[in-house]
Number of protein chains: 2
Amino acid sequence: MDHTAEEVGRRIRALREERGLSLSALARLAGIGKATLSGLENGTRNPTLETLYAVTARLGVPLTAVLAGPADTPTVRGAAVGATLLEVFTDTDATYELYRMRVSPGAPQLSPAHHTGVTEHVTVFSGVLRAGPVDAPITAGPGEYLRWTSDVPHSYAAVGDEPVRASLLLRYPHR
Amino acid sequence: MDHTAEEVGRRIRALREERGLSLSALARLAGIGKATLSGLENGTRNPTLETLYAVTARLGVPLTAVLAGPADTPTVRGAAVGATLLEVFTDTDATYELYRMRVSPGAPQLSPAHHTGVTEHVTVFSGVLRAGPVDAPITAGPGEYLRWTSDVPHSYAAVGDEPVRASLLLRYPHR
DNA sequence: GTCCGCCGTTCCGTTTACGGAACGACACGG
DNA sequence: CCGTGTCGTTCCGTAAACGGAACGGCGGAC
């Protein structure tokens with residue numbers, strides 16, 4: 001079994017014990033079998049979403065609280081750029097993806113064109129970022145904002161020695 | 001089945017289609033059956049953690065990205081404005097707080113002045129937002145960006161009937 | 001000591017999520 | 001026209017997650 005299941009089990013057990021609940025009591029409250037909860041906490045089962053939800057809801061925590069955080073699965077976009085998806089937001093007009101982004105100093109990172117109409121919005125936390133369409137990049141320092149249409153190839157680069165940290169919002173309009 | 005499963009399925013399908021992947025291709029890449037992925041996207045199955053992880057890992061997103069977000073625990077800032085803290089980022093120069101924000105139509109929401117040097121950065125997802133210093137608010141629609149220095153009283157208001165959804169970045173410079 | 005209650009684990013029959021193999025629909029080439 | 005390929009869905013046998021019941025262990029009452 002994956003080590004993920006064990007980690008989830010440990011977190012659930014910790015949350016349960018913080019509340020002074022016995023395994024039997026939590027199983028009864030959550031409406032699941034004791035065997036299920038036992039196996040879940042020990043990482044010997046591969047729980048379904050429904051089971052996990054029943055337990056976390058009764059513990060009063062969001063599902064995300066017992067799952068591995070966004071830090072362990074960086075969405076690597078390339079050698080110099082690492083990005084982690086924080087949230088997806090779907091709307092009638094468009095879908096948005098909000099990332100935390102890190103750009104290491106060194107060679108610029110190229111990114112191919114996306115579909116037409118896709119725009120990128122970056123707010124720089126620290127460092128100096130030079131990014132945008134390859135033929136017309138823009139520069140932004142801490143607290144500043146960049147925006148471009150990413151249906152052409154574009155690049156990201158850290159200016160100077162300091163790595164850049166920023167938030168990146170991708171907007172995909174619905175066709 | 002729970003409506004949670006349907007929501008998860010929608011998000012996975014959206015992420016897959018953004019990447020231009022077919023259902024068959026993603027199933028093959030993730031090492032799961034097409035039937036499994038089909039049922040998962042349509043919300044007719046109750047996936048196990050292992051299945052979900054295989055899919056999200058191949059999509060390059062954390063598990064949390066496809067599950068119901070932290071929306072269940074809103075950090076209420078006032079009657080018309082609800083904000084959820086997504087991440088705090090501390091840096092040598094400043095501390096940043098990244099929120100997802102929702103502004104309901106109706107009376108503007110006032111916010112008192114913060115410390116000097118604090119700036120607010122808003123990217124609008126949907127709706128039309130009118131915000132900024134009370135004597136000089138700015139208006140922004142979907143995909144647009146607002147920025148102001150919040151060491152004076154400022155306000156947020158939704159223009160029209162539609163609620164506004166946006167990301168809000170607060171920057172607190174270190175003195 | 002025995003009895004009782006609850007603990008967490010293990011056993012076991014039922015339910016169901018799983019992947020492989022069909023299926024019909026559609027697009028393209030010969 | 002008929003292959004050939006890929007699309008997403010449906011069928012179906014198997015593997016496993018499920019809940020209920022039984023288990024051994026432990027602490028308190030008597």
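That block above? That's the structure.
Residues numbered from 1 in each chain as written. Chains lettered and ligands numbered in written order. Predicted model: local features only at pLDDT ≥ 70, side-chain atom pairs only at ≥ 80, totals over all residues. Heavy atoms only, no water.

Lay out the protein's contact with DNA strand C with the relevant residues and their values.
Every one of the 20 residues lining DNA strand C counts as a neighbour, but Ser22(A), Leu23(A), Ser38(A), Thr36(B) and Thr51(B) are closest to it. Sugar and phosphate atoms form 66% of the subset of DNA strand C atoms that lie within 4 Å of the protein. The separation between a base oxygen of DNA strand C and a polar side-chain atom of Lys34(A) is 3.3 Å. When residues of the surface near DNA strand C are traced back to their parent elements, those giving at least two are α1 (3–18), α2 (23–30) and α3 (34–41) of chain A together with α3 (34–42) of chain B. (Near = heavy atom within 4 Å. Polar contact = N/O pair within 3.5 Å; in protein donor to acceptor, adjacent residues only side chain to side chain. Helix = DSSP H or I, 4+ residues; strand = E, 2+ residues; numbered from the N terminus.)

Account for the environment of Ala65(A), naming residues and giving values.
Along the chain, the position of Ala65(A) falls in the loop between α4 (49–59) and β1 (75–76). Separated by 54 residues in sequence, Ala65(A) and Arg11(A) have C-alpha atoms that sit 8.4 Å apart.

Please set out the protein's contact with DNA strand D residue by residue, giving values where relevant.
In the vicinity of DNA strand D, 20 residues are found, and the nearest of them are Thr36(A), Thr51(A), Ser22(B), Leu23(B) and Ser38(B). Atoms of DNA strand D within 4 Å of the protein: sugar and phosphate make up 66%, bases the balance. The separation between a phosphate oxygen of DNA strand D and a polar side-chain atom of Thr51(A) is 2.4 Å. Interatomic distance of 3.3 Å between a side-chain N/O atom of Asn42(B) and a phosphate oxygen of DNA strand D. Take the surface near DNA strand D: its biggest share by element is four residues, from α3(B). For the surface near DNA strand D, the class distribution of residues is five nonpolar, 10 polar and five charged. (Nonpolar A, V, L, I, M, F, W, Y, C, P; charged D, E, K, R; others polar.)

Got a sec to walk through the interface of chain A and chain B? Specific residues and values, please.
Contact with chain A, which involves 46 residues of that partner, is made by 43 residues of chain B. Across the chain A/chain B interface, buried area totals approximately 4200 Å², and carbon plus sulfur atoms make up 64% of it. A per-residue breakdown of the area chain A buries against chain B is headed by Leu49(A), Phe89(A) and Phe125(A), which together make up 15% of the total. At the junction of chain A with chain B, the criterion picks out zero salt bridges. Inspection of the region where chain A meets chain B yields eight residue pairs in polar contact (both at pLDDT 80 or more). Residue assignment for the side of chain A that touches chain B shows that the elements contributing at least two residues are α1, α4, β2 (81–90), β3 (94–103), β5 (119–126), β8 (145–149) and β10 (164–173) of chain A. At six residues, the largest contribution of residues to the side of chain A that touches chain B is made by β3(A). (Contact = heavy atoms within 4.5 Å. Buried area = accessible area lost by both parts, 1.4 Å probe. Salt bridge = Lys/Arg side-chain N within 4 Å of Asp/Glu carboxyl O.)

Lay out the side chain of Gln109(B) in plain terms, naming residues and giving numbers.
Residues and elements named next belong to chain B. With respect to the helices and strands, the residue Gln109 is situated in strand β4 (residues 109–111). Overall, Gln109 belongs to the buried group, its relative accessible area being 14%. Among the polar contacts listed, one links the side chain of Gln109 to the backbone nitrogen of Ala80, at a separation of 3.1 Å. (Buried < 20%, exposed > 50% of the residue type's maximum accessible area, 1.4 Å probe, protein only.)

Just give me the short version of the pattern of salt bridges, but keep the residues and values in it.
Inspection of every chain in the model, using the stated rule, returns nine salt bridges over all chains. As a salt-bridge pair, Glu41(B) and Arg16(B) come within 2.7 Å of each other at their nearest N and O atoms. With a gap of 25 residues between them, Glu41(B) in helix α3 and Arg16(B) in helix α1 (residues 3–18) connect regions that are remote in the sequence. Comparing Glu41(B) with Arg16(B) shows no difference in burial state: the two are buried. A salt bridge links Glu18(B) to Arg19(B); its shortest N-O distance comes to 3.9 Å. Given a relative accessible area of 30%, Arg19(B) falls into the partly exposed group. Connected via shared salt-bridge partners are Glu7(A), Arg10(A) and Arg11(A).

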